[in-house]
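# Architecture at a glance
One letter stands for each residue in the lines below.
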There are 2 protein chains.
Amino acid sequence: MKTNFLMQQDEYIKLINEKLYSYVAVENTPYDVVKEAMLYSLSAGGKRIRPILTLAFCEANGGNLKKALPFACAVEMIHCYSLIHDDLPCMDDDDMRRGKPSCHKQFGEANALLAGDSLLTLSFHTIANAHHLAGTDSLACLSAVGALSEYAGVNGMVGGQVIDLINEGKKIDADTLYKTHSLKTAALICSAIKLGAIAANASDEATKNAVSYGYELGMAFQIIDDILDVISDEKTLGKPIGSDADNQKTTFVSLYSLDGAKKLAGEHTKRALDFLARTNHSEFLFELTSSLLTRIN
Amino acid sequence: MKTNFLMQQDEYIKLINEKLYSYVAVENTPYDVVKEAMLYSLSAGGKRIRPILTLAFCEANGGNLKKALPFACAVEMIHCYSLIHDDLPCMDDDDMRRGKPSCHKQFGEANALLAGDSLLTLSFHTIANAHHLAGTDSLACLSAVGALSEYAGVNGMVGGQVIDLINEGKKIDADTLYKTHSLKTAALICSAIKLGAIAANASDEATKNAVSYGYELGMAFQIIDDILDVISDEKTLGKPIGSDADNQKTTFVSLYSLDGAKKLAGEHTKRALDFLARTNHSEFLFELTSSLLTRIN
């Protein structure tokens, strides 16, 4: 039998997916290829962590789920656009994404470029329309546009991509690794949480703690990803840990060792839970945090 | 001596450029390459037709220039991002833009992709911040985000790109040619004008006529561009008009003949001036319209 937590998570995902797909109306004209590419990538099996955080933080702050739902979808559209553009040949050149051909492999580079551009644009359109369609306060919608565009832009998520690109193949120090992932990974998670708080009209104090939680969660999540990469390489390829001396990519494991990285992940996790306790007492959010951060235990 | 019209145009351009560049703060860190790419393309010598239209329609409707200026810059950012992405190898593959290397030639493909993404994101950030920074009403800012994201997205400008891409190298009919350019060219011009009307809190009737003017102006502008392409080919290359039988690109000239295209441009121009007369009596806007649409006379 499913726990309350899993049932709630499924309920959130169902709400998100229904709403998310409704924003892209494919009409089966010959010109719908980019809309098809948008839907293909939106429905490619993401875990919806970011929009779930938006909904959960809205509810935890006493807000109305209906008002947070367009914001949640907007964050997921930004996440999806970033993956499509990241996979392009001039970026990471990835042929596969979540076990399926990446967007440009399926639809061609030009259509994938335009699908990313369209999702980015649709994200802000979705927030702007929430005022009329979901009755969200106009100031809240405007704050959401401001926050999301800040966290997603050149001083946020894209800024992290830039640092990552510039340091490709170079050994980097801890400060630079932190800066990369605080922008590339944590920024969009922070935006998801902030938009949930905005939808609920949460206090400045609650919002601040929520965003600090997001930063710690994001960093812990990234460190754990680095750890899992090494552990799965060891298991599936039989490589001893640390044997990739020719792989120049700096990770939390290469910089801090496996044990050091585990310790670091534990510290960020503890701080994440501390901030969470300060901002609210949602059982769902504590369980979600645990489910995301105990993948290495 | 400069006419009042030219002095006013220069004044608008000065205001736009100062404000536009102020949104991209390059701090000379090693990670500023994408910000440099954004500034490079923003300052590459555009005529600022769209943001001038935003300012002029705001003033013509009795609005405050200060409130329209962020909207004007937001439209120019969208225009600039679209040019950067259009020039990429997977799209038009253009090495030059306005007599200088295109963004990806100067900064590499990955940086150009991210510069476009960043300008698109910054555009909406700029509008969202206008509420705090320029005192623009929050509902007006939200309407501006809604309108710009509609005209720029997959049902607007990007949609025009899609139709253009799909029909590359094919002969198309008049309906398709109109659909392509009403989205690819006219949509962003309409958005520029609509944002000026929104900044001035213009009536629905005035806004509707202003947007209709924008559509007619955009179509006339595109037809004249097609005419000028043929005339300049004839002059510089000595090609007789209509000799490009192997060039499959359908234009208003190839579809309607040179004289037919001139007649069509005249009709759109007349309708543009009619709509303009219905919405306001700004001398500047009549002169601007004439300066844009009399290039073939």
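## Things to note about the overall build of chain A
- Scanning chain A from N- to C-terminus turns up twelve helices and two strands.
- What you see for chain A is a C-alpha radius of gyration of 19 Å, in line with the 19 Å of a compact globule of 297 residues.
- Taking the principal axes of the C-alpha coordinates as reference, chain A spans close to 55 × 50 × 45 Å.
- Considering chain A as a whole, with its 297 residues, one finds that 53% of them fall into the buried category.
- Contacts in chain A between residues at least 24 apart in sequence constitute 72% of all its contacts with a sequence separation of at least 6.

## Details of the nonpolar core
- Of all hydrophobic cores here, the largest spans 190 residues; its most connected members are A:V145 and B:V145.
- Ignoring anything within four residues of it in the chain, the contact list for A:V145 reads A:F124, A:I127, A:A128, B:F124, B:A128 and B:V145.

## Observations regarding the packing of helix α4 (residues 65–87) of chain A against helix α9 (residues 174–199) of chain A
Residue and element names in this part refer to chain A.
- Interaxial distance between α4 and α9 falls to 9 Å at its minimum, and their mutual angle equals 165°. By the criterion of interaxial angle, the relationship of α4 to α9 is roughly antiparallel. The interaxial crossing formed by α4 with α9 has right-handed handedness. Residues K67, A68, F71, V75, I78 and H79 of α4 lie in contact with α9, whose contacting residues are L188, S191, A192, L195, G196 and A199.
- For the contact of α4 with α9, the class distribution of residues is eight nonpolar, three polar and one charged.

## Quick notes on the interface of chain B and chain A
- Across the boundary between the two partners, chain B contributes 40 residues, which contact 40 residues of chain A.
- Those elements giving two or more residues to the side of chain B that touches chain A turn out to be α2 (33–42), α6 (109–133), α7 (138–152) and α8 (157–166) of chain B.
- In terms of residue count, the dominant contributor to the side of chain B that touches chain A is α6(B) (14 residues).

## Side note on the relation of the copies chain B and chain A
- The two copies are related by a screw operation: chain B maps onto chain A through 180° of rotation and 0.0 Å of translation along the axis, at an RMSD of 0.0 Å. These values place the two chain copies in the arrangement generated by a two-fold rotation axis.
- Interface residue correspondence from chain B to chain A reaches 100%, placing this contact among same-surface, isologous pairings.

## Points about unusual backbone geometry
Residue and element names in this part refer to chain A.
- Residue R48 is not a glycine yet carries a positive backbone phi of 60°.
- You can see R48 is positioned in the loop between α2 (33–42) and α3 (49–60).
- Here the phi dihedral of R98 falls at roughly 50°; this positive angle occurs in a residue that is not glycine.
- R98 sits in the exposed class, given 11 other C-beta atoms within 10 Å.

## A short note on the environment of A:Q161
- With respect to the secondary-structure elements, A:Q161 resides in helix α8 (residues 157–166).
- In this structure the C-alpha to C-alpha distance between A:Q161 and A:S82, which are 79 residues apart in sequence, comes to 9.7 Å.
- What A:Q161 contacts, discounting residues up to four positions off in sequence, is A:K184 and B:L114.

## Side note on α2(B)
- Those residues of α2(B) lying buried are B:V34, B:K35, B:A37, B:M38, B:S41 and B:L42. Looking straight down α2(B), one finds its buried side chains confined to an arc of 160°; they lie on one side.

## Observations concerning helix α11 (residues 252–279) of chain A
- Taking 1.5 Å per residue, 28 residues should reach 40 Å; α11(A) reaches only 28 Å between its end C-alpha atoms and comes up short.
- The largest bend along α11(A) reaches roughly 95° and is located at A:L258.

## A closer look at the environment of A:K184
All names here are of chain A.
- If you trace the backbone, K184 turns up in helix α9.
- Looking at K184, the number of C-beta atoms within 10 Å reads 22, which means it is buried.
- Along the sequence, K184 and V162 sit 22 residues apart, while their C-alpha atoms lie 9.1 Å from each other.
- Residues in contact with K184, not counting those within four places in the same chain, are M157, G160, Q161 and D164.

## Some remarks on the packing of α4(A) against helix α7 (residues 138–152) of chain A
Residues and elements named next belong to chain A.
- Taken N-terminus to C-terminus, the directions of α4 and α7 make an angle of 20°; their axes are 11 Å apart at the nearest point. In terms of axis orientation, α4 runs roughly parallel to α7. In this structure, α4 crosses over α7, and the sense of that crossing is right-handed. Together, F71, A74, V75 and I78 of α4 and A144, L148 and A152 of α7 make up the contact between the two elements.
- For the contact of α4 with α7, the per-class residue count stands at seven nonpolar, no polar and no charged.

## A short note on the confidence of the model for chain A
- Averaged over every residue, the pLDDT of chain A is 93; residues scoring 70 or more account for 96%.
- Scoring of the predicted complex yields 0.96 for pTM and 0.96 for ipTM.

The rules behind each value
Along each chain, residue indices are assigned from 1 in the same order as the chain's sequence is written. Here chains are named by letter from A upward and ligands by number from 1 upward, in the order in which they appear as written. Whole-chain, interface and lining totals are the exception, using all residues; otherwise, since this is a predicted model, local features are given only for residues with pLDDT of at least 70 and side-chain atom pairs are given and counted only at 80 or more. The numbering of helices and of strands both runs from the N terminus, where a helix is a DSSP run of H or I of at least 4 residues and a strand a run of E of at least 2. Our radius of gyration looks at C-alpha atoms and nothing else; its globule reference is 2.2 Å times the residue count to the power 0.38. With C-beta atoms placed from the backbone, the exposure class of a residue follows from how many other C-beta atoms lie within 10 Å of its own: 20 or more, buried; 12 or fewer, exposed; in between, partly exposed. Any two residues are considered in contact once their C-beta atoms, placed from the backbone, lie within 7 Å. By convention in this section, buried Ala, Val, Leu, Ile, Met, Phe, Trp, Tyr and Cys residues joined through C-beta atoms within 7 Å make up a nonpolar core. For helices, the fitted axis covers only the stretch in contact; all axes are lines through C-alpha atoms, and the angles between them, taken along N-to-C directions, range from 0 to 180 degrees. These descriptions rest on fixed angle ranges, namely under 35 degrees for roughly parallel, over 145 for roughly antiparallel, 65 to 115 for roughly perpendicular, and the rest for oblique. By definition, turning the near helix anticlockwise from the far helix through less than a right angle yields a left-handed crossing, and turning it clockwise yields a right-handed one. For this scheme, ten residues count as nonpolar: Ala, Val, Leu, Ile, Met, Phe, Trp, Tyr, Cys and Pro. Four count as charged, namely Asp, Glu, Lys and Arg, and the remainder, Gly too, count as polar. Each copy is superposed on the other by least squares, with the fit set by C-alpha atoms of residues at a pLDDT of at least 70 in both. By definition, the arc is the one covered by directions from the helix axis to the C-beta atoms. Given a helix with a known number of residues, its expected span is that number minus one, times 1.5 Å. Working definition for bend: take the seven residues up to and ending at a residue and the seven starting at it, fit an axis to each, and measure the angle between the axes. Per residue, pLDDT captures the predictor's confidence, and it can take any value from 0 to 100.

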